[in-house]
Amino acid sequence: MARPSDYSLELAALICDRMAEGESLRTICKADDMPARSTVFLWLAAHKEFSDLYARATDARAHLLAEEILQISDDGSNDTYRDSDGNVMTDHDVIARSRLRVDSRKWLAARLAPRKYGDKITQEHTGADGGPIKQEVSRIELVAAPFPANMGEG
């Protein structure tokens, strides 16, 4: 069966629903019943309603990632284990993997919705000791040179 290549709002909405649930476009488009990613990008350029749905799905996916960050961070159930003697041991590999999962989601959420989840950079300019910036305006006044009285005689 060939991949679909004709645009339909129903198929576009299905793609967006799956994205909003956390699936990547790459994963969605691997399915035989879905269009190729290149086709989806053509549809995005050609159909405003799909472009709008896609933008909302991307935002929803970023929000889902933010919720997953909290869930992963709060889940300490596998941080420790009991060894063969019954001693409680810390599983540093699980903790490192959780940190990686959180960092990956933070990075992706910031790229998908930078206004909401991206780093905010603020620049402030101040003068001396944190005070206001002082502006000084230099003024150059041009004056005519005195004309010597004997210059025109010759």
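Residues numbered from 1 in each chain as written. Predicted model: local features only at pLDDT ≥ 70, side-chain atom pairs only at ≥ 80, totals over all residues. Heavy atoms only, no water.

Focus on the confidence of the model for the protein chain
As a reminder, the rule being used: pLDDT measures the predictor's confidence residue by residue and takes values from 0 up to 100. Elements are defined by DSSP. Helices are runs of H or I of four residues or more, strands are runs of E of two residues or more, and each kind is numbered from the N terminus.
Averaged over every residue, the pLDDT of the protein chain is 89; residues scoring 70 or more account for 96%. When the elements of the protein chain are averaged for pLDDT, helix H6 (residues 114-117) gives the smallest value, 86, and helix H1 (residues 9-20) the largest, 97.

Re helix H5 (residues 92-112)
As a reminder of what qualifies: What a helix should span is 1.5 Å times the count of its residues minus one. Relative accessibility decides the category of a residue: with a 1.4 Å probe and only protein chains considered, values under 20% of the type maximum give buried, values over 50% give exposed, and everything between is partly exposed. Within this analysis, the arc is defined by the directions that extend from the helix axis to the C-beta atoms. A contact between two residues is defined here by any heavy atoms of the two lying within 4.5 Å. Polar contacts here mean pairs of N or O atoms no more than 3.5 Å apart (in protein, one a potential hydrogen donor and the other a potential acceptor; neighbouring residues in sequence count only if both atoms are side-chain atoms).
Along its 21 residues, H5 runs 30 Å from first to last C-alpha, staying within 8% of the 30 Å computed at 1.5 Å per residue. Among the residues of H5, Ser98, Val102, Ala109 and Ala110 are the ones counted as buried. Viewed end-on, H5 has its buried residues packed into an arc of 100 degrees, placing them on one side of the element. Facing away from the buried surface of H5 by more than 90 degrees, the exposed residues are His92, Asp93 and Arg97. In this structure, the buried side of H5 is in contact with helix H4 (48-74) and H6. The distance from a side-chain oxygen at the start of H5 to the backbone nitrogen of Asp93 is 3.2 Å, and the residue carrying that oxygen is Asp91.

Focus on the packing of aromatic side chains
Each aromatic ring pair is characterised by the separation of its centres together with the angle its planes make. Defined as follows: Note on aromatic contacts: the rings of Phe and Tyr and the six-membered ring of Trp form a pair at centre separations within 6.5 Å, being stacked when their planes are under 30 degrees apart, edge-to-face when over 60 apart, and tilted otherwise.
Following the criterion strictly, the structure yields four aromatic pairs and no others. Taking the centre distance of 5.4 Å and the plane angle of 80 degrees together, the rings of Tyr7 and Trp43 count as edge-to-face. Note that Tyr7 is positioned in the segment before H1 and Trp43 in helix H3 (residues 37-46), a separation of 36 residues in sequence. For Tyr7, a relative accessible area of 23% gives the class partly exposed. Each ring, one from Tyr7 and one from Phe50, has its centre 6.2 Å from the other, and the planes form 50 degrees; the classification is tilted. With Tyr7 in the segment before H1 and Phe50 in helix H4, this pair connects stretches of sequence that are 43 residues apart. Ring-pair connections join several aromatic residues into one group, and the members of that group are Tyr7, Trp43, Phe50 and Tyr54.

Regarding the nonpolar core
One recurring pattern in soluble globular proteins: nonpolar side chains tend to sit buried together. As a reminder, the rule being used: To form a nonpolar core, buried Ala, Val, Leu, Ile, Met, Phe, Trp, Tyr and Cys residues must be joined to one another through side-chain atoms within 4.5 Å.
Grouped together as the largest cluster of nonpolar side chains are 15 residues, with contacts concentrated most on Ile15, Met19, Leu25, Val40, Phe50 and Tyr54. Broken down by secondary-structure element, the contributors of at least two residues to this core are H1, helix H2 (25-30), H3 and H4. Counting residues per element, this core draws most heavily on H1, which supplies five residues.

Concerning the layout of surface pockets
Put simply, the test is: Throughout, the protein atoms alone are placed on a 1 Å grid, and a set of points is a cavity if a 1.4 Å probe fits but cannot get out or a pocket if it is open with protein on both sides within 12 Å along at least five of seven lines; lining residues have an atom within 4 Å of a point. Grid points are joined across faces, edges and corners, and a volume is the space filled by probe spheres set on the points. Side-chain classes follow a simple rule in which Ala, Val, Leu, Ile, Met, Phe, Trp, Tyr, Cys and Pro form the nonpolar group, Asp, Glu, Lys and Arg form the charged group, and the remainder, Gly included, forms the polar group.
Approximately 180 Å³ is the volume attributed to the largest pocket. Residue lining of the largest pocket: Glu68, Gln71, Ile72, Asp75, Ser77, Asn78, Asp79, Val94, Arg97, Ser98, Arg101 and Arg105, and that is the complete set. The set of elements that each furnish at least two residues to the lining of the largest pocket consists of H4 and H5. Looking at the lining of the largest pocket residue by residue, the class counts come to two nonpolar, four polar and six charged.

Concerning the environment of Ala20
Residue placement: Ala20 occurs in helix H1. As for Ala20 and Leu53, which are separated by 33 residues in sequence, their C-alpha atoms are 9.9 Å apart. Ignoring anything within four residues of it in the chain, the contact list for Ala20 reads Ala57, Ala60, Arg61 and Leu64.

A look at the environment of Arg82
Along the chain, Arg82 falls in strand E1 (residues 80-82). Here Arg82 falls in the exposed class, since its relative accessible area comes to 60%. The contacts of Arg82, once residues within four sequence positions are left out, are Asn87 and Val88. A polar side-chain atom of Arg82 sits 2.9 Å from the main-chain carbonyl oxygen of Gly86.

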